[in-house]
Amino acid sequence: MSFSGYDLIVVGSGFFGLTVAERVASQLDKRVLVLERRAHIGGNAYSEPEPETGIEVHRYGAHLFHTSNKRVWEYVNQFTEFTNYQHRVFTIYKGRVYPMPVNLATICEYFGRYMTPDEARALVAEQAGEIDSKDAKNFEEKGISLIGRPLYEAFFRGYTAKQWQTDPTELPAANITRLPVRYNFDNRYFNDTFEGLPVDGYTAWLKKMADHDNIEVRLNTDFFEVRDQIPAGTPVIYTGPLDQYFGYSAGKLGWRTLDFEQEVLPVGDFQGTPVMNYADEDVPYTRIHEFRHFHPEREYPTDKTVVVREYSRFANDDDEPYYPINTSEDRAKLERYRELAKQEAKERNVLFGGRLGTYKYLDMHMAIGSALSMFDNKIAPHLTEGRALDGSLDD
C-alpha cells in the first residue's frame, strides 16, 4: 500500500476532513489521500436505509443541519439540495407533552393557565429569585437561579442526570451558563438563518464531496497502523482523537458517548414527531428518534416505522467519543496537547482539526466553517507558497 505521490493526507472522512480534501483537490488541483478507519465515509454523519422499511436512519444519532454562516451555506449547497425541514422538539414529563426549548406555550401548559409574556417573565423571575446566581454552588443551584425550581425540576433535573450519569448537585455550576427561555410561542428549535436536511440524505452528500479525480479514499484503514509508511514531510490533517495521536502522554481526555437501541415497529407512526425527549429520571433513555418524520416528503411504508432510543453515558476506552466532558482536569491536559500540536506542525507538518482533533463539540456547520478557515489560512498558503504550518488549535 503506497502513500507516496500525494500532496496531502487527511485522516478521517467526517465533514471537517472531507471539506479540507475537497477544497485542496478542487481549488489547488492537488492529490489528496483520505484515510478512514471505518467501513464507510462520513464520520458520525453517515446515514443508511433501514433494510426492512427503507427509512433513512442516521447511524450515529440524529444530524440536523442549520447555520447562519452564509459562506458555509453556499459551500454545502454545491453538493446537495436541502428540504425546508425545521427542527421542533417535544418532551414528556409525568405523562404530559411540552414543547422545547422552554417557551410561552411550555410555561402556560406547565402552570395550567394562559399568561402574557410579561406575566410569564415575572413568574420565572420570582421563582428564580430563590437562589442568587453568584451564590450557586453546583449545577442544580445554578439552574434554579436561572429559571426557578419548578421549571428546572420538570425539564432539566432528570434529563441532566441521565445525560451525565451524575446527580446535578454533584455537577459544577460552571457547566451551565444559561437556560434558553422564550417568552413567545416560537417553538422552532434552532434560531439559524438557514436550516434543512439533505434531499437525498447525508451519505449521498458526503460521497459527492469525495467524488473528485484528485481524491482517493481508503476505508478500513487505521492511521496508527500505517503512519510509519507516510513519507516524511507529507502534510497531514488529523481529525481523530487528539490524545490518542500523542499516545495519551498527557492523560486521557474525558468524553461522553451515546448508545442506540433501534427497533422496527408495526405502526405507521409511533410518536408523531421526529424527536421526543423524556425528562423523567426513571425513564432510562434521554430521547426517542422516529426517522420517518425527518423526511415527510418521502414515500415510506404506512404500516411500519423505525424508532431509535438514545442513552447517554461516560465513554470507556473502546467507546465512540461524542461530547467533550471538559472538566478542569481535561482542560489542563488539553493545554499540554495544544503545545504538542504546535510542535507537531513545526516538526512533521501535521495539523489537527474537527471535533476529536481539537476536543471541542462542533456542530456540522461549525466543523465545515473551521475546515474552510484552515484551508484559507494554513493549508493553501503552505501548499502554494511553502509557508510554515501554524499548529494552533484556534480555528
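Residues numbered from 1 in each chain as written. Predicted model: local features only at pLDDT ≥ 70, side-chain atom pairs only at ≥ 80, totals over all residues. Heavy atoms only, no water.

(A) Representation of the UniProt feature "domain: UDP-galactopyranose mutase C-terminal" (unreviewed entry) in the chain within the structure. UniProt's feature table lists "domain: UDP-galactopyranose mutase C-terminal" (unreviewed entry) at residues 154-361, given in the numbering used throughout. Taken end to end, residues 154-361 comprises 26% helix and 21% strand; its first and last C-alpha atoms sit 26 Å apart. (UniProt positions renumbered as here; feature names shortened; annotations may be inferred. Helix = DSSP H or I, 4+ residues; strand = E, 2+ residues; numbered from the N terminus.)

(B) The arrangement of the sheet that holds strand β11 (residues 255-265) in detail. The strand order β7-β6-β12-β13-β14-β11-β15 describes an open sheet built from seven strands, whose pairing is mixed. Lying at the two open borders of the sheet, with one neighbouring strand each, are β7 (96-100) and β15 (323-324). Sheet contacts for helix α3 (residues 104-111): β6 (89-93) and β7; angle to β7, the most-contacted strand, approximately 155°. (Pairing = 2+ DSSP bridges. Contact = heavy atoms within 4.5 Å. Axes fitted to C-alpha atoms, helices over the stretch in contact; angles between N-to-C directions.)

(C) Representation of the nonpolar core in the model. Counting residues in hydrophobic clusters, the biggest one holds 85 residues, and the most contacted among them are Phe65 and Trp205. For this core, the element with the highest residue contribution is helix α6 (residues 149-164), accounting for six residues. Core analysis: the next-biggest nonpolar cluster, separate from the first, contains 23 residues, Val34, Ile237, Leu362 and Ala380 among them. (Core = buried A, V, L, I, M, F, W, Y, C linked by side-chain atoms within 4.5 Å. Buried < 20%, exposed > 50% of the residue type's maximum accessible area, 1.4 Å probe, protein only.)

(D) Seen up close, the sheet that holds strand β1 (residues 8-11). Spatially, the five strands line up as an open sheet ordered β9-β2-β1-β10-β16, and their pairing is parallel. Pairing within the sheet leaves two strands with one partner each, and these edge strands are β9 (215-218) and β16 (350-352). Across this sheet, the average inter-strand angle for adjacent strands is 20°, counted without regard to direction. When β1 meets strand β10 (residues 236-238), the two strands line up parallel, connected through three bridges. Pairing of Val10 across the sheet is with Ile237, part of β10.

(E) Region of the structure containing the packing of aromatic side chains. Following the criterion strictly, the structure yields 33 aromatic pairs and no others. Centre to centre, the rings of Tyr110 and Phe155 are 5.8 Å apart; their planes meet at 65°, and the pair counts as edge-to-face. A residue pair is termed long-range when its members are at least 10 positions apart, and Tyr110 in helix α3 and Phe155 in helix α6 qualify at 45 residues. Overall, Tyr110 belongs to the partly exposed group, its relative accessible area being 24%. In this structure an aromatic cluster arises from ring pairing among Phe15, Phe65, Trp73, Phe82, Phe194, Tyr202 and Trp205. We note Arg38 situated over the ring of Tyr60; from NZ or CZ to the ring centre the distance is 4.1 Å. The aromatic ring of Tyr248 is capped on one face by Lys252, whose charged end is 5.0 Å from the ring centroid. (Phe/Tyr/Trp six-rings, centres within 6.5 Å; stacked < 30°, edge-to-face > 60°. Lys NZ or Arg CZ within 6 Å of the ring centre and 35° of its normal.)

(F) Region of interest: the environment of Tyr93. Among the structural elements, Tyr93 can be located in strand β6. C-alpha of Tyr93 to C-alpha of Glu281: the two residues are 188 residues apart in sequence and 9.4 Å apart in space. Those residues in contact with Tyr93 that lie beyond four places of it in its chain are Tyr98, Tyr110, Glu153, Ala154, Phe155, Ala279 and Asp280.

(G) Focus on the pattern of salt bridges. Here the structure, examined in full by the defined rule, presents 28 salt bridges. Taking the shortest distance from any N to any O, the salt bridge between Arg348 and Glu347 comes out at 3.7 Å. Arg348 gets classed as partly exposed once you look at its relative accessible area, which sits at 46%. For Glu347, a relative accessible area of 53% gives the class exposed. Each of Arg37, Arg38 and Glu320 takes part in salt bridges that share partners, so that together they form one network. (Salt bridge = Lys/Arg side-chain N within 4 Å of Asp/Glu carboxyl O.)

(H) View of the pairing of β6. Of all the five residues making up β6, four are buried; the element is thus mostly covered by neighbouring parts of the structure. The pairing of β6 with β7 spans five bridges and is classified as antiparallel. If you follow Thr91 over to β7, its bridge partner there is Tyr98. In textbook terms, the turn of a hairpin is the stretch between consecutive antiparallel strands, and for β6 and β7 this stretch comprises two residues, one of which, Lys94, has a positive phi near 50°. Note: β6 against strand β12 (residues 275-278), four bridges, orientation parallel. Following the sheet pairing, Ile92 is matched in β12 by Tyr278.

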